[in-house]
Amino acid sequence: MTPARTSTGTAPTRGRRPGRSTGDDREVAILATAERLLGQRPFGEISIDDLARGAGISRPTFYFYFPAKDAVLLTLLDRVTEEADAAAGDALVRLAEDPRARWRELIARFHATFGGHRDVVLACAQVRGTNAEVRRLWAEVLERWVRAVEAAIEGERARGAAPDGLPARDLAIALNSMNERVWYATFAGDGPAVAERDVVDVLLDVWLTAIYRTTTPPVSPSA
């Protein structure tokens, strides 16, 4: 998890044809069609003809925007992760104000973003084992979030709010990986799974206990 990206603007469209605005209505229609269809059937069962038909364009026109079907899924994943970064805001920067509240805010915002695009998240998780580009993109995203959480843990240790313990990076990897698996099980109904109404609070308690050895970490006296 990380604060919003420092760059501004829309996420780049991976594998996309150059020279077109990412705000093009037909591209938006292709992406919207893909996300809608992902809620109905697996990615492997969605054809380029399905995407073109749903977007109201021809098959040749589809290729003007995307070189292949996989590029559509990569673009959706790019946009979901960018939305998650933006939703995170400056929660990690403000940890000292109230660590429990800020961590909960962060986890809840990520949960809301991923839950709002669960069909994209589940599709990417399902194809990651066989799609090297999806795997690479997700590894880049996870690495960014791991580094942000690692820095936050080190900051909390430096101000005396969290005790020393496991290397901050290892802890950040484990916590982010746990979130990924727990959310997948909850969104997919892939039991055993935590009920969606409880998942944020369950994850929060695990994060706080792992980082602070308590679920009530101290706030900064100057906060």
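Residues numbered from 1 in each chain as written. Predicted model: local features only at pLDDT ≥ 70, side-chain atom pairs only at ≥ 80, totals over all residues. Heavy atoms only, no water.

1. Regarding the overall build of the chain
- Along the backbone of the chain there are 9 helices and 0 strands.
- When the helices and strands of the chain are listed from N to C terminus, the series reads α-α-α-α-α-α-α-α-α.
- Going through the 223 residues of the chain one by one, you find that 44% of them count as buried.
- Put simply, 70% of the contacts in the chain that link residues at least 6 apart link residues at least 24 apart. (Helix = DSSP H or I, 4+ residues; strand = E, 2+ residues; numbered from the N terminus. Buried < 20%, exposed > 50% of the residue type's maximum accessible area, 1.4 Å probe, protein only. Contact = heavy atoms within 4.5 Å.)

2. Looking at the pattern of salt bridges
- Under the counting rule described, the total for this entry stands at 23 salt bridges.
- In this structure, the salt-bridge partner of Arg102 is Glu105, at a minimum N-O distance of 2.9 Å. Residue Arg102 and its partner Glu105 are both found in helix H5 (residues 99-116); the two are separated by 3 residues, about one turn of the helix. Comparing Arg102 with Glu105, the two get one shared label, buried.
- Asp201 is paired through a salt bridge with Arg104; the nearest N and O atoms lie 2.9 Å apart. (Salt bridge = Lys/Arg side-chain N within 4 Å of Asp/Glu carboxyl O.)

3. Observations regarding the UniProt feature "DNA-binding region" (unreviewed entry) in the chain
- Sites flagged by UniProt as "DNA-binding region" (unreviewed entry) map to residues 47-66.
- The annotated region residues 47-66 carries 75% helix and 0% strand content, and the separation between its end C-alpha atoms amounts to 13 Å. (UniProt positions renumbered as here; feature names shortened; annotations may be inferred.)

4. Here we look at the packing of helix H6 (residues 118-127) against helix H8 (residues 168-188)
- Running from N to C, H6 and H8 cross one another at 115°; their axes reach a closest spacing of 10 Å. The handedness of the crossing between H6 and H8 comes out as left-handed. Touching Arg118, Leu122, Ala125 and Gln126 of H6 are Tyr184, Phe187 and Ala188, all from H8.
- Its residues assigned to classes, the contact of H6 with H8 comprises 5 nonpolar, 1 polar and 1 charged. (Axes fitted to C-alpha atoms, helices over the stretch in contact; angles between N-to-C directions. Left-handed = near helix turned anticlockwise from the far one by under 90°. Nonpolar A, V, L, I, M, F, W, Y, C, P; charged D, E, K, R; others polar.)

5. Quick word on unusual backbone geometry
- Backbone torsion omega between Gly191 and Pro192 reads -5°, so that peptide bond is classified as cis.
- Looking at where Pro192 falls in the secondary structure, it is placed in the loop between H8 and helix H9 (199-212).
- In this structure, Arg213 takes a positive phi of about 65° despite not being glycine.
- Tracing the backbone shows Arg213 in the segment after H9.

6. So, H9
- With 14 residues, H9 extends 20 Å between its outermost C-alpha atoms, agreeing within 8% with the 20 Å of an ideal straight helix rising 1.5 Å per residue.
- Taken together, the buried positions of H9 are Val199, Val200, Leu203, Leu204, Trp207, Leu208, Ala210, Ile211 and Tyr212. On an axial view of H9, the arc spanned by its buried residues comes to 165°, and they lie on one face.
- Looking at the packing, one finds that the buried side of H9 touches H5, helix H7 (132-158) and H8.
- Phi turns positive, to about 65°, at Arg213, one or two residues after H9. (Expected span 1.5 Å × (residues − 1). Arc of directions from axis to C-beta.)

7. Looking at the packing of aromatic side chains
- A full pass over the atoms with the stated rule returns 9 aromatic pairs.
- Ring centres of Phe110 and Phe114 lie 5.7 Å apart, and the angle between their planes is 70°; this geometry places the pair in the edge-to-face category. Pair noted here: Phe110 and Phe114 are both in helix H5, with a separation of 4 residues, about one helical turn. Neither Phe110 nor Phe114 differs from the other in exposure class; each is buried.
- Between the aromatic rings of Phe114 and Trp145, the centroid separation amounts to 5.8 Å while the plane-to-plane angle is 55°, which identifies the pairing as tilted. (Phe/Tyr/Trp six-rings, centres within 6.5 Å; stacked < 30°, edge-to-face > 60°.)

8. Side note on the nonpolar core
- Grouped together as the largest cluster of nonpolar side chains are 66 residues, with contacts concentrated most on Phe62, Val72, Trp103 and Ile211.
- Counting residues per element, this core draws most heavily on H7, at 11 residues.
- Residue contributions to this core reach at least three from each of two domains, namely domain 1 (23-67) and domain 2 (69-212).
- With sequence-adjacent residues up to four places away left out, Val72 is seen in contact with Ile30, Leu31, Ala34, Leu51, Phe62 and Phe66. (Core = buried A, V, L, I, M, F, W, Y, C linked by side-chain atoms within 4.5 Å. Domains from an automatic or database assignment.)

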